[in-house]
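Per-entry structural report
What follows is each chain in one-letter form.
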Amino acid sequence: MQKLYKCVHGHIIYITMHADDLLQRVKMDVTNAVLKAFQLAEEMDASQQNFMHILQYGKEQYCKGTTGARFEYLWPQSWQTAIKMLENQGYQDAEDYFICLSNSHPCSYGIFKCLKSTCRFCSSPSSLCIKYSYLPLKHKIRQWCSSASFCQKMTAHWREKDHWLNSTGEHSIKKELWDGSRFAELSWFWDPHSEWTLPVSCPLCKVITSAATVNEAASQQSSDHIQLTCSECHTRFDYEVCKATGDPRNIALIGHWDGWQPFSMTCKHSSGAIEVSIATMLKQDRSRSGEVYVCGFVPSHLLPNKRPNSLDPFLHPLIEEVKDLFINGISVYYAAEIMGIPPGNTLLRCLILLWTGDYPAQSEVGKFVCSGIRPCRRCTLEGERNPSASNYYYGNFRYHFRHAWPARELESSLPIMREVDEEDRPSVRANKSKQTGFTGVSILHQLNPLYGFNIIRDLVFDAMHNIPLNVASHHLHYYFNEGILSRQDVDKNLKKIPWTAELKSGRVPEGVTQRLGHWKAEDLQKFIFPASEYVLEGLLPNEHYLAWVTLVRITELVYNTGRNGFNKDDIEVLKRLTARHNILTEEIEGLKSCVVTLHNLIHLSEDIKHFGPPDNYWCYSFERAVKSYTRRSSNAKNLEHTFARAECRRQHLKFNCENEESTSHNTFIENTHF
C-alpha cells in the first residue's frame, strides 16, 4: 500500500493506493504532462529543444519527493520517445507520398506511397521524386466527432434547417452558407427522410459512375443486380445497387489552395497549402484561423513551370478520400446528441461544397487561364489586345451590362477541356489554351459524378483579394502614378481620421507616402470604407471621385451591412453597383484599367445567390493561418515536411487535450509533489 497526499482546491487530502493503481495514476500524470508540454510548445512556436526544456521542468517539479522520484523512468528522455507517447494516445503522423513530374510524361504524373516503388510512367525511384506529406481527412473527421462541443458546432446548419430543407434556395435573408441555393440543392445529403442511390467506383480505374447512370441501368435491366460499363476504361462489371439516407451529421467542406513565401518575398523557396474548413459551422466559428485544417504542404519551388497538371498529384489524395467518404462513408464515434440521435457509433459521409482562393490559385486548381483572350471561368468574355504590348483588356462594359457575355456551361465546355488535356505537344496545347481559356480538365471535376460538383460554378470569387487588393489597389496606384492625387495631401487628411477602438483592434491604414506598398487587405478595406470619402473629398477630380464612391458603396455592402445578410434587393444593388463602377472606370481611366479582376466584380452577386455572402468563403482565415505555419521553429530544411508534422500535432492536441480535460483531472497540475 502507498500513502500519498494531494492538493485539491487548497485542501490537503490523503490517498491510500495499491502499487499497481499508483503506477497507473503516475502514468496518466506523465501522459497529461507530455500533452501539456506539447500544447505549450505549440503556443510558443518552440523548437524541439525548447520542448524538452519545458518537459524537464515539469519532470523536476513532479519528482521532487522520494515517491515521485521512483517513477522518473516513465518520463520521455527524447523528442522521439515523446512522439511515441503521443502515438499511444491516438496521434497519427502524416502519410508520405512520392510524386514524379518528369518531363518524359508531361501530360501525366506518377504518385505512390511505398519507398521502394517507382514511377509507373518512367520508372523513376522515390529518391528522384518529390516527397509530399499528406494529412488524412479521415483522421480529421474522427477527431472532430470525438468532441461533443465541436459536434454541436458542426451541425449549426441543422438548427437552421428551415432556411434550406425543402426550399428552393430563395430564403429571404442570405447570411450563412446554407442560405444559398446550392445548399438547398444538396438538402438530400442531410435530410434523414431522403433516400438516394450511391454512385459506384470502377474496380479497375476508379472512375466514378454517377447515380443517374446507375438508376438508368437498373431501370433498363429491371433489377438491382446490374452490369455497368466504365466510361473511361470500358470495363464491364457486376454491381448491386446501393441506397443511402441523409444524415444531419454529414460533413460539407470548403476547399482552399494558395501559395506563399515562407521566408521573404525575395527568397526563391516558395510553398503552398491545401486546406479545408467545415462548411456546416456558423461563419463566426469557421472564420477563426484555428478552424483551418491543412491537408498538405506543397513544395511549390520544386514544381515545373507552366505545367497545368503540376498541382494535381498533391490534390489527388484529398480527392480520392472525398470520393471514398461519399460512397463508402466513415465509421466514427459521434460524441454529441443531434436531433434526438444519441451519441454512439455511426456512418458519416463527406463532400466538398465549394473551393475558394485568389484568382491565380483558382485558375490553377480549375485549369483555367489567368489572362489572354478568354480568361473568365464564368462567361465567354473575350479580350482586346493592346497594339503596343501583349496585354489583353476587357472593356465595353456599358454594352455588356445590357447584353451580357454568354455564360460558360460545363456540359458544352467539357469536350474542349478534354481536347486540351489530351494534347501532348506543348506549343499546340498552349495555343489551344489561349484560344479556349482552358488548360485541361480539373481534378476537382472527378467529384461531379458524385453529387454534381461544378468547377465553373463552385469555384467562387474571393472578395478579399478582388475588392481591396486588386481593384482598389489598382485605382490608387493609377491616381498617384498619373499625378491625379498627391500622396502628401492624402497623408495629411488620413492622419485626421479618428479611428474607433473597434477599428484600431486590427490594422489601420497609415503612411500612404511611405507604406502604401506594405498595406494588406485590411488596410485597404478600412481606407476605402469608412475613411476614403473624407480623405479624398476635394482631392480627386469629380469624375474620378464618382467612380471611387461606387467602390466605397460596394465595400460597405460586402464588408459592413451585407455581413448581416443580403436580401434580393441588396443582391440587385450590388450587381448594379459593380456594373456602374466598371462602366465609369472604363470611360474615365480608359481601357488599360479594364483588367480581368475588374471584370470579376460582376460575378460577386452570382456567388451570393449560390453560397451566401462573401464572408462565408473569403480567404481571411486561410491567410491568417499562414502566419502560424511560417513562424514555427525549423532548420529551414525539408520545410514542408516540418510544417506537416507540426500541423498534425496541433490538430491532435486541439481535440485530445479538450477531451482529456473533460474526462479526467489533470493531476500533474493539481499535485505539488509526492
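Every chain begins its residue count from 1, and numbering advances along the sequence as written. A pLDDT threshold of at least 70 governs which residues receive local features in this predicted model, and a stricter bar of 80 or more applies before side-chain atom pairs are shown or counted, although totals over entire chains, interfaces and linings include all residues. To obtain the side-chain values, all non-hydrogen atoms of the structure were included, while hydrogens and water were left out.

In this section: the overall build of the protein. Runs of E in the DSSP output that reach at least two residues are strands. Runs of H or I that reach at least four are helices, and both are numbered from the N terminus. Within the protein one finds 28 helices and 19 strands. We compute the radius of gyration over the C-alpha atoms and compare it with the globule rule, which gives 2.2 Å times the number of residues raised to the power 0.38. Its C-alpha radius of gyration of 28 Å places the protein within 12% of the 26 Å reference for a compact globule of 674 residues. In terms of overall dimensions, the protein has a C-alpha envelope of 90 × 75 × 55 Å along the principal axes. Using a 1.4 Å probe on the protein chains alone, a residue whose accessible area is under 20% of its type maximum counts as buried, one over 50% counts as exposed, and one in between counts as partly exposed. A buried classification covers 54% of the 674 residues belonging to the protein. Within the protein, contacts between residues separated by at least 24 positions form 69% of all contacts whose residues are at least 6 apart in sequence. Only the protein chains shown count as cover for residues, and the accessible areas themselves come from Shrake-Rupley with a 1.4 Å probe. Carbon and sulfur atoms provide 49% of the accessible area of the protein, an area that totals close to 30,600 Å². Here the protein contributes 74 positive and 75 negative side-chain charges, whose respective centroids are spaced 4 Å apart. Residues count as neighbours in contact if any of their non-hydrogen atoms are within 4.5 Å of one another. Working convention for charge: Lys and Arg count positive, Asp and Glu count negative, and His plus the chain ends are omitted. The location of each charge is read from NZ of Lys, CZ of Arg, CG of Asp or CD of Glu.

Right, let's talk about the pairing of strand 14 (residues 293-298) for a bit. By the criterion of burial, strand 14 is predominantly enclosed, with six of the six residues buried. Across five bridges, strand 13 (residues 271-278) lies against strand 14 in antiparallel orientation. Note on strand 14: the bridge partner recorded for Glu275 is Val294. Two strands pair under a simple rule: DSSP has to find at least two bridges between them.

A few words on helix 9 (residues 211-221). Among the residues making up helix 9, those that are buried are Ala211, Val214, Ala217 and Ala218. Buried residues of helix 9 fall within an arc of 125° about the axis and therefore sit on the same side. Along helix 9, the residues that are exposed and aim more than 90 degrees away from the buried face are Ala212, Ser219 and Gln220. Residues of helix 9 that are buried in the fold lie against strand 6 (195-197), strand 7 (200-201), strand 8 (208-209), strand 9 (225-229), strand 10 (236-240) and helix 16 (448-451). Downstream of helix 9 by a residue or two, Ser222 has a phi angle that is positive, lying close to 50°. An arc is given here, and it is the one of the directions from the helix axis to the C-beta atoms.

It is worth spelling out the packing of helix 17 (residues 463-481) against helix 23 (residues 568-589) at this point. To define axes, lines are fitted to C-alpha atoms, for helices over the stretch in contact only, and angles between the resulting N-to-C directions are given on a 0 to 180 degree scale. One can describe the packing of helix 17 onto helix 23 by two numbers: an axis separation of 13 Å at closest approach and a directional angle of 20°. Classified by the interaxial angle, the pair formed by helix 17 and helix 23 is roughly parallel. As helix 17 packs across helix 23, the resulting crossing turns out to be left-handed. Residue-level contacts link Val471, His474, His475, Tyr478 and Tyr479 of helix 17 to His581, Thr585, Ile588 and Glu589 of helix 23. An angle counts as roughly parallel when it lies under 35 degrees, as roughly antiparallel when it exceeds 145, as roughly perpendicular when it falls between 65 and 115, and as oblique in every other case. If you view the pair so one helix is near and one far, a crossing is left-handed when the near helix is turned anticlockwise from the far one by less than a right angle, and right-handed when it is turned clockwise.

Turning to the environment of Glu43, a few remarks are in order. Inspection of the secondary structure puts Glu43 in helix 1 (residues 19-44). Measuring from C-alpha to C-alpha, the distance between Glu43 and Arg650 comes to 9.4 Å, with 607 residues separating the pair along the chain.

Looking now at the environment of Ser126. Tracing the backbone through its elements, the reader meets Ser126 in the loop between strand 4 (110-112) and strand 5 (130-134). Accessibility expressed as a relative area gives 10% for Ser126, which makes it buried. The residues touching Ser126, leaving out its near neighbours within four places in the chain, are Phe98, Phe112, Leu115 and Ser117. Polar contacts here mean pairs of N or O atoms no more than 3.5 Å apart (in protein, one a potential hydrogen donor and the other a potential acceptor; neighbouring residues in sequence count only if both atoms are side-chain atoms). One polar contact links the side chain of Ser126 to the main-chain carbonyl oxygen of Leu115, over a distance of 2.7 Å.

Now for the packing of aromatic side chains. Centre distance within 6.5 Å is the pairing criterion for rings of Phe, Tyr and Trp, where only the six-membered ring of Trp is used; planes under 30 degrees apart are then read as stacked, over 60 as edge-to-face, and the remainder as tilted. The tally for this structure, following the rule as stated, stands at 39 aromatic pairs. An aromatic cluster of three or more residues is present, and its members are Trp158, Trp164, Trp178, Phe183, Trp188, Phe189, Trp190, Trp196, Phe326, Tyr451 and Phe453. Only Lys NZ and Arg CZ are tested; either one counts as a charge over a ring when it is within 6 Å of the ring centre and within 35 degrees of the ring normal. A cation over an aromatic ring shows up here: Arg249 above the ring of Tyr334, its NZ or CZ 5.3 Å from the ring centre. In this structure, Arg377 packs its charged tip against the face of Phe461, placed 4.0 Å from the ring centre.

Take the confidence of the model for the protein next. Detailed reading of the predicted coordinates is not advisable wherever pLDDT is low. Note: pLDDT gives the predictor's confidence per residue, expressed from 0 to 100. Counting all residues, the mean pLDDT for the protein is 90, and 93% of those residues have values of 70 or more. A low-confidence stretch, residues 5-9 stays under pLDDT 50, and its non-local contacts, those more than four residues away or across chains, total 17 contacts.

Once that is clear, we can look at helix 11 (residues 312-327). Counting along an α-helix, one turn takes 3.6 residues, and residues three or four places apart therefore face a common direction. The span one expects for a helix is its residue count, reduced by one, times 1.5 Å. Under the 1.5 Å per step criterion, the end-to-end length of helix 11 is 22 Å for 16 residues, consistent within 8% with the ideal 22 Å. Extensive coverage of helix 11 is indicated by the burial of 13 of its 16 residues.

Now for the nonpolar core. Core analysis: the largest hydrophobic core is formed by 135 residues, its most contacted members being Leu137, Ile141, Trp144, Ile274, Leu353, Trp355 and Trp548. Aside from chain neighbours lying at most four places away, what touches Leu353 is Leu177, Arg182, Phe183, Leu186, Ala252, Leu253, Ala279, Phe453, Asp458 and Phe611. Buried residues of nine kinds, namely Ala, Val, Leu, Ile, Met, Phe, Trp, Tyr and Cys, make up a nonpolar core once their side-chain atoms join them within 4.5 Å. If you look at the next biggest cluster of nonpolar residues, it comprises 41 residues, including Ala41, Val292, Tyr629 and Cys657.

For the bond from Phe529 to Pro530, the omega torsion is 20°, close enough to zero to count as cis. Structurally, Pro530 can be placed in helix 21 (residues 521-536). One non-glycine residue, Lys367, adopts positive backbone phi at about 65°. Take Lys367: it is sitting in the loop between helix 12 (359-366) and strand 18 (384-385). Look at Lys367 and you get buried, because its relative accessible area is 1%.

This part is about the side chain of His105. With respect to the helices, strands and loops of the structure, His105 is situated in the loop between strand 3 (95-100) and strand 4. Overall, the relative accessible area of 7% leaves His105 in the buried class. Within the structure, the side chain of His105 is placed 3.0 Å from the backbone oxygen of Ser108, a separation counted as a polar contact. If we ignore the near neighbours within four places in the chain, the residues touching His105 are Cys100, Gly110, Cys119, Phe121, Cys122 and Arg307.

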